[in-house]
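# Summary of the model geometry
Spelled out, the chains give:
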Amino acid sequence: MRISSGFMKASHPIKVNAPAKINLHLEVLGLRTDGFHELAMVMQSIDLADYLEITSNKEGLITLTVDDPSLSAGNENLIIKAAKLLRDRFGNNHLGATIHLQKNIPIGAGLAGGSSDGAAALMGLNALWGLDLTKPQLKDLAGELGSDMPFCLDGGTQLCFGRGEKLEPLNISSSSMAVILVKDPAVSISTPWAYGRSKELKGSSYLKSDFEFEQRRQQLREKSWLRFLSISDPPPLNNDLQQVVEPEIPAVQDALKLLSALPGSFGVAMSGSGPSCFALYSTYVEAKEVLEKNRVRLEDSGLESWCCSFLSQGVTFES
Ligand code: C5P
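Just so it is clear, the model here is predicted, and its values are computed rather than measured.

## Here's the deal with unusual backbone geometry
Glycine aside, a negative phi is what most residues show, and trans is what most peptide bonds show. With an omega of 5 degrees, the peptide bond running from Gly274 to Pro275 counts as cis. Along the chain, Pro275 falls in the loop between β10 (268-270) and β11 (277-281). Phi is positive for Ala112, close to 60 degrees, though the residue is something other than glycine. Mapping Ala112 onto the fold places it in the loop between β5 (96-102) and α2 (113-128). In this structure Ala112 comes out as buried when scored by relative accessible area, which is 12%. For Asp132, which is not a glycine, the phi torsion comes out positive at approximately 60 degrees.

## Section: the domain arrangement of the chain
Taken domain by domain, the chain holds domain 1 (14-170) and domain 2 (178-309). Its C-alpha centre places domain 1 at a distance of 22 Å from the equivalent point of domain 2. In this assembly, 33 residues from domain 1 lie in contact with 35 residues from domain 2. Of the roughly 3000 Å² buried where domain 1 meets domain 2, counting both sides, 64% is carbon and sulfur surface. For the pair domain 1 and domain 2, the interface holds 3 salt bridges. For Arg221, the salt bridge is made with Glu168, and the minimal N-O distance between the two is 2.8 Å. On the surface where domain 1 and domain 2 come into contact, there are 16 residue pairs in polar contact (both at pLDDT 80 or more). Only β2 (14-31), β3 (37-57) and β6 (157-161) provide two or more residues apiece to the side of domain 1 that touches domain 2. Considered class by class, the residues forming the side of domain 1 that touches domain 2 number 19 nonpolar, 9 polar and 5 charged.

## Some points on the site of the ligand
In the vicinity of the ligand, the contacting residues are Phe36, His37, Leu39, Gly146, Ser147, Arg163, Thr191, Pro192 and Tyr195. His37 is positioned such that a nitrogen or oxygen atom in its backbone is 2.8 Å from a nitrogen atom of the ligand. Contacts to the ligand include Arg163, whose backbone N or O atom sits 2.9 Å from a nitrogen atom. Protein contact buries 73% of the 450 Å² of open area that the ligand shows by itself. At the level of secondary structure, the elements contributing two or more residues to the shell around the ligand comprise β3 and α5 (191-202).

## Considerations on the confidence of the model for the chain
Taken as a whole, the chain shows an average pLDDT of 95; of its residues, 97% reach a score of 70 or greater. Throughout residues 1-10 the model reports pLDDT below 50, and contacts reaching past four residues in sequence, or to other chains, amount to 30 contacts.

## So, the sheet that holds β10
If you walk across this open sheet you meet the 4 strands as β10-β11-β8-β12, and the pairing is antiparallel. Unpaired on one side and paired on the other, β10 and β12 (304-309) mark the two borders of the sheet. Ignoring which end each strand starts from, the neighbouring axes of this sheet average 25 degrees apart. Two strands pair when backbone bridges link them, and strand β8 (residues 178-183) and β11 are joined in this way by 5 bridges, in the antiparallel orientation.

Thresholds, definitions, all that
- Each chain has its residues counted from 1, following the order in which its sequence is written.
- Note on the predicted model: pLDDT of at least 70 is required for a residue's local features to be given, and 80 or more for side-chain atom pairs to be given and counted; whole-chain, interface and lining totals, by contrast, use all residues.
- To obtain the side-chain values, all non-hydrogen atoms of the structure were used and water was disregarded.
- Secondary structure counts use DSSP, requiring at least four H or I residues in a row for a helix and at least two E residues in a row for a strand, with both numbered from the N terminus.
- Per-residue accessibility, obtained with a 1.4 Å probe over protein chains only, is compared with the maximum for each type, and a residue is labelled buried under 20%, exposed over 50%, and partly exposed between these values.
- Bear in mind that the domain bounds are from an automatic or database domain assignment.
- By definition, residues are in contact when any of their heavy atoms lie within 4.5 Å.
- Reported buried area values correspond to the accessible surface (1.4 Å probe) lost by two parts on association, with both partners' losses combined.
- Here, a salt bridge means any side-chain nitrogen of Lys or Arg that lies within 4 Å of a carboxyl oxygen of Asp or Glu.
- For the purposes of these results, a polar contact is taken to be a pair of N or O atoms within 3.5 Å, where, inside protein, one atom must be able to donate a hydrogen and its partner to accept one; residues adjacent in sequence count only when each atom of the pair is a side-chain atom.
- Only Asp, Glu, Lys and Arg are considered charged, only Ala, Val, Leu, Ile, Met, Phe, Trp, Tyr, Cys and Pro nonpolar, and every remaining residue, Gly among them, polar.
- One heavy atom within 4 Å of a molecule or strand makes the whole residue count as near it.
- Exposure was quantified through the Shrake-Rupley algorithm and a 1.4 Å probe, taking into account, for residues, occlusion by the shown protein chains and nothing else.
- By definition, pLDDT measures how confident the predictor is in each residue, and it falls between 0 and 100.
- If DSSP finds at least two bridges between two strands, the strands pair.
- Helix axes use the C-alpha atoms of the stretch in contact, all axes being lines fitted to C-alpha atoms, and the angles between their N-to-C directions lie in the range 0 to 180 degrees.

Rendered as structure tokens:
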């Protein structure tokens, strides 16, 4: 399979690849005046991806089908929201699209699957409808729809500040690192719930001023592990939401315990607001070998598992 990035104009059906992300670092700095949390994160794209197949029409009809019946294909789906926002802001009423989503990224898992699908819809429809929006314009639009969505467009390894939408790309040549990713299919976590728990439990110790936020952002920018992203100086894997989610969600406790017992990893953590968790390995080959030896044990504990490489890009067209 060849993946190409960038823009293209198209009148035929197109396929767009929407990869998941994990958080190598997630720090909750404080509360913002808009009610969201001020964050300092390092996000990393991985090669577990959903696929969108999109055909355009001139009847103004936007329809979505999903191969996973547990996921809504209605107006609350970020794909539909993205398509309508793009059309209303930059297109006209005649622009329509038939979209099919092949869902591979688990839902409500802390992997930004929904955000990546929405970002893929923006990029795909921009090309199909010939709107010619630039990447920065698409990222602005993505930021209106979801905090993680701008990152999903660009992907790779990035510092993400603000609500998560302020991106600072890192100057890292493609990392060969990989993860074993696990999730209990019976458990999903609502992102607002996780942030709400953080506010209840830790709100009194949140930083208060922009000056303090900037100090913490700068401390993160200067971390040596961000220069290479390799096992010679492995990421320490910090997730502030894990501290509030893990004590309340047995599926996260079990996943972290099982992952910690696997040989050869350089750390384990929860991703985003959970409940998916991962163990970090120096290479895909090593991670794959460990996963194959332990897959049955993870399955017997009720966990789905994947072996994923780090990606240096986000949403891409598939050719
Ligand atoms: O932006 P997104 O739709 O992903 O956010 C979902 C919810 O997560 C928000 O409504 C908010 O409750 C919480 N959130 C937050 N601070 C952020 C991002 C998300 O409090 N930076």
